[in-house]
Amino acid sequence: MRDSSLDLFDPRTAVMDSDYSPNAGRDADFGFAFNDSNFSDRVLRIEIMDDSPETRSDGEGCQSLADWARNRKRRREDIKKEIALDITVGPEEQTLNCNLPDIDDIVGCENQDEEAVAMIEESHSGDEAANSNDSNWSMDCSTVLRVKTLHISSPILAAKSPFFYKLFSNGMRESEQRHVTLRINASEEAALMELLNFMYSNSLTATTAPVLLDVLMAADKFEVASCMRYCSRLLRNLSMSPESALLYLELPSSVLMAEAVQPLTDAAKLYLAGRYKDITKYLDEVMSLPLAGIEAILASDDLQVASEDAVYDFVLKWARVQYPKLEERREILGSRLGRFIRFPYMTCRKLKKVLTCNDFDHDLASKVVLEALFFKAEAPHRQRTLAAEEPATTNRRFVERAYKYRPVKVVEFELPRQQCVVYLDLKREECANLFPSGRVYSQAFHLGGQGFFLSAHCNMDQQSSFHCFGLFLGMQEKGSVTFAVDYEFAARSKPTEEYISKYKGNYTFTGGKAVGYRNLFAIPWTSFMAEDSLYFINGILHLRAELTIRQ
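About the cut-offs
Residues numbered from 1 in each chain as written. Predicted model: local features only at pLDDT ≥ 70, side-chain atom pairs only at ≥ 80, totals over all residues. Heavy atoms only, no water. UniProt positions renumbered as here; feature names shortened; annotations may be inferred. Core = buried A, V, L, I, M, F, W, Y, C linked by side-chain atoms within 4.5 Å. Buried < 20%, exposed > 50% of the residue type's maximum accessible area, 1.4 Å probe, protein only. Helix = DSSP H or I, 4+ residues; strand = E, 2+ residues; numbered from the N terminus. Contact = heavy atoms within 4.5 Å. Expected span 1.5 Å × (residues − 1). Disulfide = S-S within 2.5 Å. Axes fitted to C-alpha atoms, helices over the stretch in contact; angles between N-to-C directions. Parallel < 35°, antiparallel > 145°, perpendicular 65-115°, else oblique. Left-handed = near helix turned anticlockwise from the far one by under 90°. Nonpolar A, V, L, I, M, F, W, Y, C, P; charged D, E, K, R; others polar.

Taking an unreviewed UniProt entry as the reference, the protein chain is identified by name as BTB domain-containing protein belonging to Ilex paraguariensis. Turning to the protein chain, the UniProt annotation filed under Function (unreviewed entry) states: "May act as a substrate-specific adapter of an E3 ubiquitin-protein ligase complex (CUL3-RBX1-BTB) which mediates the ubiquitination and subsequent proteasomal degradation of target proteins." Among the UniProt annotations of the protein chain, the heading Pathway (unreviewed entry) holds the following wording: "Protein modification; protein ubiquitination."

The following block contains the structure:
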């Protein structure tokens, strides 16, 4: 049990995290004491400043997130969390400026204290402070529109917020300094009042997304993690849209980094990844998404694309549209988007193009291609181990997506004859999903300059009228091209787990034609998929096709 003699406000014992202790003030409702002098030990004087055009972001009157986003003009990447503190009326009143100016507004405003809550204890009179070089810059940069005064309880506010804890415990003499002044922008007034009420009652009256977002950012500024969690939970419970999801992902960096907001941003990413699972279906819409949205989509394992080659092509296309300057495009591909491309699952033909692509830094291109080739050279079980060992927090470059065309491993020979050996692995669940009439295609591979593919089918055996597993070989190119090929299909089988030949043949291909065997294993589908099936080894069906150009 915690020692009751320890001082909650002793910096040596207080936990400066969210709520200090597991139960401190989290469920207690002190709403009755809000702005009541009988239960207060200090007076909070809120100076409401005129918003500069760049920071005016009032959520009032906004009927939708679109309105809220359009009205919010803060340049999120440039704004730093700078809260200057200054004594302006002598030892009995503390002035805390909480404006968040745009960078341009800071020009000419010197002696700015970058400490969030550093306290400057001076003995100047009010006039001396106003004329001093240490006077607060906002006195020259903004105009006080009105003043609001509230009775506050320092223990309640300090228990909820490290910001207020440090303010009240930073050397102030409680018997003399009874007043604290906050300076805020007019656009922040409603959010601050909601936040202060939450710190007493653990509840909000706000229910709309624009207002909740304003409160969320106020809670971030004043370090009220419990309110950030509360707002995050309410926002997650509201219906999501592409507009709102993108807005959650483009909040100021200080908010995005907060642990309390992670569930909200995770939900936004999942929503975008689910909505745009099939990029080709929403191509025009996806091409106009901002960087944060594209990253959320590309991070998904369930992205339904033909192959990783298609992901690479899409990323290049989007980057060229959004970043027409080569230098900027290289930077964004190298530092942000490139890590979402799963190069190990790209075809060797496309990897060659990566090496000569001017959009990527040459050293980076060489690194990712080399890593991809090493991965391809690994045995399948080793590849699965690498994918399983990769932390979920990384770019998951070794994890296979739900490709429309299954990746294959290809070994090519030029002598004594042009030949290639193609390995296709299918999971048991992928095979199960083929029933009763489905099919799955492999990525394209090449022999003698011609593109080929494998396709696995669940179909009816023409003679016995039962479902069975079939494997086919097709030539990609359409037209009048003819190509004579000897081919052989094989599969690993228990108990030896060696590849055993199942079918041999030869065929003169013309474009768009396919040849194969409707019942590769000469057994019904139920036997093929049975728990004691000879052909699934650790849940994987291992297929091999050997192609040789006929002389």
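Enquirer: When you look at the nonpolar core in this model, what are you seeing that I'm missing?
Expert: Buried together is how nonpolar side chains tend to be arranged in soluble globular proteins. If you look at the biggest cluster of nonpolar residues, it comprises 96 residues, and the most contacted ones within it are Phe164 and Phe343. Element by element, the count of residues in this core is highest for helix H7 (residues 209–221), at 8 residues. When residues no more than four places from it in sequence are discounted, the contact partners of phenylalanine 164 are Leu157, Ala158, Leu182, Leu196, Met199 and Phe222. Counting 37 residues, the second-largest nonpolar core is a separate cluster that includes Phe445, Leu447, Phe483 and Phe528.

Enquirer: What is the right way to read helix H11 (residues 262–275) from this model?
Expert: Since the α-helix advances by 3.6 residues per turn, residues separated by three or four positions end up pointing in the same direction. Here H11 contains 14 residues, and its C-alpha end-to-end distance of 20 Å stays within 8% of the 20 Å for a straight helix at 1.5 Å per residue. Inspection of H11 places Leu264, Thr265, Ala268, Leu272 and Ala273 among the buried residues, and these make up the whole buried set. Buried-residue contacts for H11 involve helix H8 (225–237), helix H9 (242–249), helix H10 (253–256) and helix H13 (291–298).

Enquirer: For this particular structure, what's the right way to read the state of the cysteines?
Expert: Note: disulfide means a covalent bond formed between the sulfur atoms of two cysteine side chains. A complete count under the given rule lists 0 disulfides for this structure. In this structure cysteine 468 is a free cysteine whose sulfur lies 7.3 Å from that of cysteine 458, the closest cysteine sulfur available. For cysteine 468, a relative accessible area of 0% gives the class buried.

Enquirer: What is the right way to read the packing of H8 against H11 from this model?
Expert: For any two helices packed against each other, one specifies the crossing angle of their axes together with the interaxial distance. The N-to-C vectors of H8 and H11 enclose an angle of 25 degrees; their axes lie 8 Å apart at closest approach. If you check the angle between H8 and H11, you find them roughly parallel. For the pair H8 and H11, the crossing hand works out as left-handed. Between H8 and H11, the residues in contact are Ser232, Leu235 and Arg236 and Pro263, Leu264 and Ala267, respectively. Residue composition of the contact of H8 with H11, grouped by class: 4 nonpolar, 1 polar and 1 charged.

Enquirer: What is the right way to read the side chain of glutamate 189 from this model?
Expert: Here glutamate 189 lies in helix H6 (residues 189–201). Excluding residues within four positions of it along the chain, glutamate 189 makes contact with Ile48, Arg146, Lys148 and Ile184.

Enquirer: Hey, could you run me through the packing of H13 against helix H14 (residues 308–322) in this one?
Expert: With their axes 12 Å apart at the nearest point, H13 and H14 run at an angle of 180 degrees to one another. Judged by the inter-axis angle, H13 sits roughly antiparallel to H14. For the pair formed by H13 and H14, the contact residues are Leu291, Ile294 and Leu298 on the first element and Val311, Phe314, Val315 and Trp318 on the second. A class-by-class count of the residues in the contact of H13 with H14 yields 7 nonpolar, no polar and no charged.

Enquirer: Where do I start with unusual backbone geometry in this structure?
Expert: Leave glycine aside and you will find that most residues have negative phi; peptide bonds, for their part, are mostly trans. A cis amide bond, omega 10 degrees, links phenylalanine 435 with the succeeding residue proline 436. By secondary structure assignment, the location of proline 436 is in the loop between helix H19 (428–432) and strand S9 (439–442). Each neighbour pair has its own omega, and for lysine 494 with proline 495 the value is 5 degrees, a cis peptide bond. Within the secondary structure, proline 495 sits in the loop between strand S13 (482–493) and strand S14 (498–510). Phi at glutamate 497 takes a positive value of approximately 60 degrees, unusual for a residue other than glycine. With respect to the helices and strands, glutamate 497 occurs in the loop between S13 and S14. Despite not being glycine, asparagine 538 has its phi angle at roughly 55 degrees, a positive value. Topologically, asparagine 538 is positioned in the loop between strand S16 (536–537) and strand S17 (540–549). With relative accessibility at 75%, the residue asparagine 538 sits in the exposed group.

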